[in-house]
Structure formats: C-alpha cells, structure tokens
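# Fold and geometry: a report
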Amino acid sequence: MFIVFIGPPGSGKGTQSKRLTRDLDIPHLSTGDMLRQAVKDGTELGKQVHQYMESGGLVPHALAINIVGERLDQSDCQKGCLLDGFPRALEQAESLDGYLQQKKKSLNVVLELRVDNNELMHRMQQRAEEEQRSDDTPETIARRLGIYSNETAPLITFYQDKGLLETVDGTGSPDEVYQRIQSSIDRRRA
Ligand code: AMP
C-alpha cells in the first residue's frame, strides 16, 4: 500500500506515521528525518539544506524530490511505503505522480490530519520545550504554519480531485486519532 500522510507541523503526523507503518509493516519515509540525518552527518546534502531547515523554510524541491526518489527505488519500497512530509507542494506531488506512473504504481490513499491553528501553536511550543528542536522557535513555527497553508494545503484539493483523500480529525488522544486513521485505511482496503 502506498500512503501519503499530510498534516501541518505539530499535528502528530510523525507519531501516527510510526505506529501505522509498524502495524502495516511498510517503510516509513520521513523527508524531515532524512534531511535532519544528512545535516547531522555533515554530508554535502546536509550542508545544502541546513539553512533552509533552520529558518523553517522548505528545502529546494529538486533536493526533496531527489532524496525521495532514491529511497523509493530501494527494494523494501517496491510493495508500498508511507510518505511522511512529502509531497509538501504541488510541484512535488506532480513529480511523485510521474515517478509512480513510470514505475506502474499508484497511491492508494492520502491521509490528511486536521488540527486547528491555535491547538497547533500550543502543541509545537510544548514540543520545542521537550525536544529542543532548533526549528521550533515561535518565529519558525509561525513560518512553517504559513508555508503549510500556502504551499502544502493546496495538495488537499489536488488529491481530493483524484478521489484519494481521507481527512482525519487530529484532535483528542493519540489512541483516538489512531483509531480514526485505522478506519480510513480499512475503508480504502475494502
Ligand atoms: P518535518 O520534520 O517534516 O517537519 O521537516 C522538517 C524540515 O525539513 C522542514 O521544515 C523543511 O525545511 C524540510 N523538509 C522536509 N520535507 C520537505 C519537503 N518535502 N520539501 C521541502 N522541505 C522539506
């Protein structure tokens, strides 16, 4: 099963993705994690993306597309995977479409995790204190939420038009949210 998981920063997408990929036994492709790792390892890519990530902006589409393409080519992704944090803009979604078409594969479902902005700001400030992520300052949080509405949210209509969208209410306990996700997945598998 090929799943795209869309949700604003702080929506709980990362946590839910981990649980879902464990249960479905498919690889979890988080572009945020891959890019953070590259920065940590000090690779050429890491050096190129460091500034963008620090400021809360998107890294250039070509770099994100490239890192995902390389990962999707690996053998463990041939039967399915969950994409967490990619695509994040129409250009990336179109590129993913082209890639899958070329490989004669297609997306099964796009999960959108929906949480309102006040709740998101609150959750992210909490996460900033707990995890000390350097891109969780109030300014970068606001910037990342802005980028989500301007660049990523248009993907919701894009995938809705393709009949792939499942919107999940992201409020409540992680268990409650996960149950809703499971129902959406079950509907798509039926
Ligand atoms: P995340 O952990 O998904 O919130 O991603 C952390 C940061 O990595 C983002 O704020 C971006 O700077 C960068 N990033 C992750 N995924 C992408 C993507 N698909 N396109 C561009 N930048 C990305």
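Since we're looking at a predicted model, the values are computed, not measured.

Interhelical geometry of helix α1 (residues 13–24) versus helix α9 (residues 174–189) gives an angle of 45 degrees and a closest axis separation of 11 Å. The pairing of α1 with α9 is recorded here as oblique in orientation. Between α1 and α9 lies a crossing of right-handed hand. For the pair formed by α1 and α9, the contact residues are Gln16, Arg19, Leu20, Asp23 and Leu24 on the first element and Pro174, Asp175, Val177, Tyr178, Ile181, Gln182, Ile185 and Arg189 on the second. In terms of residue class, the contact of α1 with α9 is made up of seven nonpolar, two polar and four charged.

So, about the side chain of glutamate 112. Within the fold, glutamate 112 resides in strand β4 (residues 109–114). Apart from residues lying up to four places away in sequence, glutamate 112 is in contact with Ile6, Tyr148, Ile156, Leu165, Glu166, Thr167 and Val168.

Attention now moves to the sheet that holds β4. In a beta sheet, neighbouring strands are held together by backbone hydrogen bonds and run either parallel or antiparallel to one another. The strand order β2-β3-β1-β4-β5 describes an open sheet built from five strands, whose pairing is parallel. If you trace the sheet from one side to the other, it starts and ends with β2 (28–30) and β5 (165–169), each paired once. Pairwise comparison of adjacent strand axes, ignoring direction, gives a mean angle of 20 degrees for this sheet. Sheet topology note: the β2/strand β3 (residues 81–84) ladder contains three bridges and is parallel. Following the sheet pairing, serine 30 is matched in β3 by aspartate 84. Running over the sheet, α9 touches β1 (2–6), β4 and β5 and is turned about 160 degrees from β5.

Thresholds applied
Residues numbered from 1 in each chain as written. Predicted model: local features only at pLDDT ≥ 70, side-chain atom pairs only at ≥ 80, totals over all residues. Heavy atoms only, no water. Axes fitted to C-alpha atoms, helices over the stretch in contact; angles between N-to-C directions. Helix = DSSP H or I, 4+ residues; strand = E, 2+ residues; numbered from the N terminus. Parallel < 35°, antiparallel > 145°, perpendicular 65-115°, else oblique. Left-handed = near helix turned anticlockwise from the far one by under 90°. Contact = heavy atoms within 4.5 Å. Nonpolar A, V, L, I, M, F, W, Y, C, P; charged D, E, K, R; others polar. Pairing = 2+ DSSP bridges.

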